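# Summary of structural features
The primary structure of each chain is shown beneath.
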Amino acid sequence: MTTINDNYLKLKAGYLFPEIARRVNTFAQANPDAKIIRLGIGDVTEPLPEACRMAMIQAVEDMGSRNTFKGYGPEQGYTWLREKIAENDFHRYGCTVDADEIFISDGSKCDTGNILDIFGDDNIIAVTDPVYPVYVDTNVMAGHSGEVNNQGEYEGFVYLPITAENDFTAQLPTQKVDLIYLCFPNNPTGATATKEHLQAWVNYAKENHSIILFDAAYEAFISDPSVPHSIYEIEGARDCAIEFRSFSKTAGFTGTRCAFTVVPKTLTGKARNGSDVELWKLWNRRQSTKFNGVSYIVQRAAEAIYSDAGKAQVKDLIRFYMDNAKIIRDKLTEAGLTVYGGTNAPYVWVKTPHGLTSWDFFDKLLQTVNVVGTPGSGFGAAGEGYFRISAFNSRENVEEAMRRITEKFRE
Ligand SMILES: *Cc1c(COP(=O)(O)O)cnc(C)c1O
């Protein structure tokens, strides 16, 4: 008899996005003329930068000649890309990160899940609430939780609420936790962390011998010079933090697939026999065994992000989305709504008016102005009463959605 991984049965059925689709479809069928605008998605809409496309075309040509053809590349990624990343993303901000501490991958979603391979099953896991669901679900799949309650909280995890009351920065846990997931700039709230806040986390992690899993997928959207771009800008972080970065949102790579994870050689974890083991060695072994690298063509596209033309094109791309975010913030404020985020992140986090639940507000927005967003409660219990609007869309759609909201939705 073949048995299954029963932990999968504990997962709350993929509820959020299927439920959004169900409500939108029901509405669309009843109102076939309604022009629905979707501001709920966390996917980019604008084309891949030209520098990346040109690099890919050249790389395809390389594959067509015996002299420049590439077979299997290094599992960790090509050195030329790792060196560019070390220089541009870390040394530029004064961070010590060596090229061989950077592992190129096909996505941060998989890396944040796969990283659990190298950790024990008895670690206490802390996540913010609301949270990017991947951190929670991958721990449930690995058997690190008990059952889920009707608010969507799993027994055994430490949830750290992030709300307007604490400026969307979690209070340090009062108990000892081992693995801490932090995401800044934050999806879904659009919040950023100050150096002081991250320093408090690093101090906590060092005192408690915990590891911070720092997801900086939205780093490129930071415009405020006081906001740290990397956890390694914080003193002591090399002793307690792994950082995940992705080209998905930075340069429109959601369909092209390239990301990287930084595992400093200074990080250790405890083996059952009490010895300290380098996490870098374990992750290197994990990737070499279970992963065969990102395609040469895609790594060349990622490298082009760091060329002069690539940097300029990425800057324009980010500015485009952040101009959308500003329009969303300004117009929602004009309509009488309270908004957060959207200044160093492509998400605007809206407080639902009149104490409406997230889903009530979803229905109201859909029915009165035919605009779709994402209910905050779908990201965690403390997201109740909030709503996420994404800046990833065409200017035309953003302007039209905001025009409808200011005209018909004024509070
Ligand atoms: C989009 C996103 C990522 C990137 O995932 P990829 O697999 O690299 O596309 C990572 N973390 C968060 C929080 C995200 O929203």
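Just so you know, these numbers come straight off a predicted model, no measurement behind them. (Residues numbered from 1 in each chain as written. Predicted model: local features only at pLDDT ≥ 70, side-chain atom pairs only at ≥ 80, totals over all residues. Heavy atoms only, no water.)

Once that is clear, we can look at the site of the ligand. The environment of the ligand is made up of 14 residues, and the closest members are Asp215, Tyr218, Ser246, Ser248 and Lys249. Interatomic distance of 2.9 Å between a backbone N/O atom of Lys109 and an oxygen atom of the ligand. One nitrogen or oxygen atom from the side chain of Arg257 is found 2.7 Å from an oxygen atom belonging to the ligand. Here the ligand loses 94% of its free accessible area of 390 Å² to cover by the protein chains. (Near = heavy atom within 4 Å. Polar contact = N/O pair within 3.5 Å; in protein donor to acceptor, adjacent residues only side chain to side chain. Areas by Shrake-Rupley, 256 points an atom, 1.4 Å probe, with all protein chains shown as cover.)

Per the UniProt entry, the sites bearing "modified residue: N6-(pyridoxal phosphate)lysine" (unreviewed entry) are Lys249 in this numbering. Topologically, Lys249 is positioned in helix H7 (residues 247–251). Exposure remark for Lys249: the relative accessible area of 15% places this residue in the buried category. Each residue touching Lys249, except ones within four places of it in the same chain, is listed here: Gly42, Val44, Ala217, Tyr218, Phe221, Thr254, Ile318 and Phe392. A polar side-chain atom of Lys249 sits 3.0 Å from a polar atom in the side chain of Tyr218. (UniProt positions renumbered as here; feature names shortened; annotations may be inferred. Helix = DSSP H or I, 4+ residues; strand = E, 2+ residues; numbered from the N terminus. Buried < 20%, exposed > 50% of the residue type's maximum accessible area, 1.4 Å probe, protein only. Contact = heavy atoms within 4.5 Å.)

To continue, consider the sheet that holds strand E4 (residues 158–161). Strand order in this open sheet of 7 strands is E2-E8-E7-E6-E5-E3-E4, and the pairing throughout is mixed. Each end of this open sheet is capped by a strand with a single partner; those strands are strand E2 (102–105) and E4. Across this sheet, the average inter-strand angle for adjacent strands is 20 degrees, counted without regard to direction. As paired strands, strand E3 (residues 125–129) and E4 are joined by 4 bridges and run parallel to one another. Counterpart to Thr128 in the pairing with E4 is Leu160. (Pairing = 2+ DSSP bridges. Axes fitted to C-alpha atoms, helices over the stretch in contact; angles between N-to-C directions.)

Right, let's get into the pattern of salt bridges. Per the stated rule, a full pass over the model turns up 21 salt bridges. With a closest N to O distance of 3.1 Å, Asp239 and Lys206 form a salt bridge. One end of the pair, Asp239, is in the loop between strand E6 (211–215) and strand E7 (241–246); the other, Lys206, is in helix H6 (residues 195–208), and 33 residues separate them in sequence. Two residues, Glu303 and Arg300, come together in a salt bridge whose shortest N-O distance is 2.8 Å. (Salt bridge = Lys/Arg side-chain N within 4 Å of Asp/Glu carboxyl O.)

With antiparallel pairing, 4 strands are arranged side by side in an open sheet as E11-E12-E15-E14. Because the sheet does not close on itself, it has two edges, and the strands there are strand E11 (338–341) and strand E14 (374–375). Sheet topology note: the strand E12 (residues 347–351)/strand E15 (residues 386–390) ladder contains 5 bridges and is antiparallel. Opposite Val348, over in E15, you have Ile389 as the bridge partner.

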